[in-house]
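# What the coordinates show
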Amino acid sequence: MADRGRGAARGSRGGNGARGRGHGPSSSQASVDKPRREAILDLSKYVNERIRVKFTGGREVTGILKGYDQLLNLVLDDVEEEPRKRSLGLAVLRGPTIILLSPVDGSEEIANPFLTQE
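Residues numbered from 1 in each chain as written. Predicted model: local features only at pLDDT ≥ 70, side-chain atom pairs only at ≥ 80, totals over all residues. Heavy atoms only, no water.

The name given to the protein in an unreviewed UniProt entry is Sm domain-containing protein, and the organism recorded there is Rhodocollybia butyracea. Per UniProt, the protein carries the Sequence similarities (unreviewed entry) text "Belongs to the snRNP Sm proteins family." (UniProt positions renumbered as here; feature names shortened; annotations may be inferred.)

So, in structure tokens, the structure goes:
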């Protein structure tokens, strides 16, 4: 009970534990390859391009996309926070907080077509 470290004895995912749950290379599922799911967004065409990112909570930044991963974590350079034009430099943006991605070049704001005129 004194040794409560992160050993392989408890909660381990690796190894050949006595509990065979069918996960891992020894499983019969290993011979059947599942097709890899394609990403919904193809961000490779926006690398080294300026993009606008909106977050939960209302913040909005623009910057040059330098990298990304499968969780939609982004690395942006020359980042500026929009309403105040505050310069943030190089930043890592967490994917779960992002609600909108948009290229800055080639987009323009239009009037709301659903707004009723009184």
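Counted according to the given criterion, the structure contains six salt bridges. For Arg52, the salt bridge goes to Glu60, with nearest N and O atoms at 2.9 Å. With its nearest N and O atoms 3.5 Å apart, the salt bridge here joins Arg84 to Glu81. A residue is classified by how much of its surface remains accessible, and Arg84, at 55% relative accessible area, is exposed. For Glu81, a relative accessible area of 5% translates into the label buried. Several salt bridges share partner residues, and in doing so they unite Arg59, Glu81, Arg84 and Arg86 into one network. (Salt bridge = Lys/Arg side-chain N within 4 Å of Asp/Glu carboxyl O. Buried < 20%, exposed > 50% of the residue type's maximum accessible area, 1.4 Å probe, protein only.)

So, about unusual backbone geometry. The backbone of Asn48 sits at a positive phi, close to 65°, despite the residue not being glycine. Take Asn48: it is sitting in the segment before β1 (50–55). For Lys85, which is not glycine, the phi dihedral falls at a positive 55°. Considering the arrangement of structural elements, one finds Lys85 in the loop between β3 (74–81) and β4 (86–93). (Helix = DSSP H or I, 4+ residues; strand = E, 2+ residues; numbered from the N terminus.)

So, about the side chain of Thr62. In this structure, Thr62 sits in strand β2 (residues 60–68). In this structure the side chain of Thr62 is engaged in a polar contact, spanning 3.1 Å, whose partner is the side chain of Glu82. Setting aside chain neighbours within four positions, we find Thr62 in contact with Arg50, Ile51, Arg52, Leu76, Asp78, Val79, Glu80, Glu82 and Val104. (Polar contact = N/O pair within 3.5 Å; in protein donor to acceptor, adjacent residues only side chain to side chain. Contact = heavy atoms within 4.5 Å.)

One finds Leu43, Ile51, Val53, Phe55, Val61, Leu65, Leu74, Leu76, Val79, Ala91, Leu93 and Ile98 forming the largest nonpolar core, which totals 12 residues. Going through the elements one at a time, β1, β2, β3 and β4 are the ones with two or more residues in this core. Contacts of Val79, omitting those with residues within four sequence positions, involve Val61, Thr62, Gly63, Arg86, Ser87, Leu88, Gly89 and Ala91. (Core = buried A, V, L, I, M, F, W, Y, C linked by side-chain atoms within 4.5 Å.)

With that out of the way, let us pick up the sheet that holds β4. Across a sheet, paired strands are connected by hydrogen bonds in the backbone, their directions being either parallel or antiparallel. If you walk across this open sheet you meet the five strands as β4-β3-β2-β1-β5, and the pairing is antiparallel. Both edges of this open sheet fall to β4 and β5 (98–103), since each of them pairs with a single strand only. Going from strand to strand, the sheet's axes swing by 30° on average, the running direction of each strand aside. Judged from the six bridges that link them, β2 and β3 form a sheet pairing that is antiparallel. Looking at the pairing, Ile64 lines up with Asp77 of β3. (Pairing = 2+ DSSP bridges. Axes fitted to C-alpha atoms, helices over the stretch in contact; angles between N-to-C directions.)

Note on Lys85: relative accessible area 53%, which makes it exposed. Residues Lys85 and Thr62 lie 23 residues apart in sequence; the distance between their C-alpha atoms is 9.7 Å.

Moving on, we come to the environment of Tyr46. Inspection of the secondary structure assignment puts Tyr46 in the segment before β1. Among the residues examined, Tyr46 registers a relative accessible area of 26% and is labelled partly exposed. C-alpha of Tyr46 to C-alpha of Gly67: the two residues are 21 residues apart in sequence and 9.4 Å apart in space. Residues within four places of Tyr46 in sequence aside, it is in contact with Ile51, Leu65 and Pro103.

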